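Summary of structural features
Take a look at the letters that make up each chain.
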Amino acid sequence: MDRPHLIWNNDGTGLMMEHSLTKVLSAKGEKANCVTSARRQTVTLIGCGSAAGVRVPPFYIFPGKRWKDDLLDGSTLCSAGTMPESGWSKSTVFMDYLEKHVLLYVSTPHPLLVLFDGHKSHVNLTLADWGRKYNIIFFVFPLHMLPYPWT
Amino acid sequence: MRLNPGVQLNGYDVSAISNRTYYKGFAPDNLISAFRKAGISPFDNTKITPL
């Protein structure tokens, strides 16, 4: 409890590529400019920060099949992303994220406490077993009980 | 976005746009006070009260 650098919170958010349609004001007879893309695409952003004020670079989950490094253009160099193949469960992506991304920035001989909210269904028994291997303890928040800024 | 009305966003823009916001939101300041407010670190068991 007196080791804030070992307590991490973790949450994801969906970033929608297009805004929802609203009313557009335009001259009569003009075509209203309100563009939304045809395909609904949501990119998920996972963030992780510790009680000591340290954060891991953003991690993106893109929809699609073929990964291109261009997707991360303009972001911090150390940010990363993945394109889960269909059939991957949420917990697989989550484990992948922790192993290949978070653990790059957090290395400690002490066990790590990772907090996250449970409604994303990435919780299962495999995760707990997997965490034991990497010296990670998971704590799942009850639904929608995350404090600011993770609400 | 305000400067480029009508421009469509695609997957290649997301990371560039969200990156700055991410680091702003996840400022050390914010992280520490959030953990404090929740009573997680420093630990404060008076934060959880019965309904």
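Residues numbered from 1 in each chain as written. Chains lettered and ligands numbered in written order. Predicted model: local features only at pLDDT ≥ 70, side-chain atom pairs only at ≥ 80, totals over all residues.

**Let's talk about the overall build of chain B**
On a plain count of helices and strands, chain B comes out with two helices and zero strands. For chain B, the spread of C-alpha atoms along the three principal axes comes to 50 × 25 × 20 Å. Each of the 51 residues in chain B was classed as buried or not, and the buried ones make up 24%. (Helix = DSSP H or I, 4+ residues; strand = E, 2+ residues; numbered from the N terminus. Buried ≥ 20, exposed ≤ 12 C-beta atoms within 10 Å, placed from the backbone.)

**Side note on the pairing of strand β2 (residues 42–50) of chain A**
Residues in a regular strand project their side chains so that they alternate between the two faces of the sheet. All names here are of chain A. Of all nine residues that make up β2, seven are buried, and the element is covered over most of its length. One ladder, built from five bridges, connects β2 with strand β3 (residues 55–61); its direction is antiparallel. Within β3, the residue paired with Gly49 across the bridge is Arg55. From the end of β2 to the start of β3, which pair antiparallel, there are four residues, and Gly53 there has a positive phi angle of about 90°. (Pairing = 2+ DSSP bridges.)

**A word on the confidence of the model for chain B**
Mean pLDDT for chain B: 80, with 94% of residues reaching 70 or above. Model confidence for the complex: the whole-complex pTM is 0.74, and ipTM, which rates the interface, is 0.76. (pLDDT = per-residue confidence, 0-100.)

**Looking at the nonpolar core**
Counting residues in each nonpolar core, the largest one holds 34 residues, and the members touching the most others are Trp8, Val43, Tyr60, Tyr97 and Val114 of chain A together with Phe35 of chain B. Looking at this core element by element, the count peaks at five residues for helix α1 (residues 90–105) of chain A. With near-sequence residues (within four places) excluded, Tyr97 of chain A lies in contact with Ile46, Phe59 and Val102 of chain A. (Core = buried A, V, L, I, M, F, W, Y, C linked by C-beta atoms within 7 Å. Contact = placed C-beta atoms within 7 Å.)

**Describing unusual backbone geometry**
Phi at Asn135 of chain A takes a positive value of approximately 65°, unusual for a residue other than glycine. Locating Asn135 of chain A in the fold gives a position in the loop between α2 (125–133) and β6 (136–141).

**Quick notes on the interface of chain A and chain B**
Tallying the contact residues gives 32 residues for chain A and 26 residues for chain B. If you list the elements that add at least two residues to the side of chain A that touches chain B, you get β1 (7–16), β2 and β3 of chain A. Taken together, the residues of the side of chain A that touches chain B break down into 17 nonpolar, 11 polar and four charged. (Nonpolar A, V, L, I, M, F, W, Y, C, P; charged D, E, K, R; others polar.)

**A short note on α1 of chain A**
Quick reminder: α-helices carry 3.6 residues per turn. Residues three or four places apart thus point the same way. All names here are of chain A. Here α1 is 16 residues long and its end C-alpha atoms lie 22 Å apart, about the 22 Å a rise of 1.5 Å per residue gives. Approximately 35° is the largest bend angle found in α1, and it occurs at Leu98. If you check which residues of α1 are buried, you get Val93, Phe94, Tyr97, Leu98, His101 and Val102. Where α1 is buried, its residues touch β2, β3 and β4 (80–82). (Expected span 1.5 Å × (residues − 1). Bend = angle between axes of the 7 residues up to and from the residue.)

**A short note on the environment of Val93 of chain A**
Within the secondary structure, Val93 of chain A is located in helix α1. Owing to 20 C-beta atoms within 10 Å, Val93 of chain A belongs among the buried residues under this scheme.

**Focus: the confidence of the model for chain A**
Taken as a whole, chain A shows an average pLDDT of 74; of its residues, 66% reach a score of 70 or greater. Here β1 of chain A stands out as the element of chain A with the lowest mean pLDDT, 73, in contrast to β3 of chain A, whose mean of 88 is the highest.

**Brief notes about the environment of Phe141 of chain A**
Residue and element names in this part refer to chain A. With respect to the helices, strands and loops of the structure, Phe141 is situated in strand β6. A residue is classified by how many C-beta atoms lie within 10 Å of it, and Phe141, with 17 of them, is partly exposed. Separated by 16 residues in sequence, Phe141 and Leu125 have C-alpha atoms that sit 16 Å apart.

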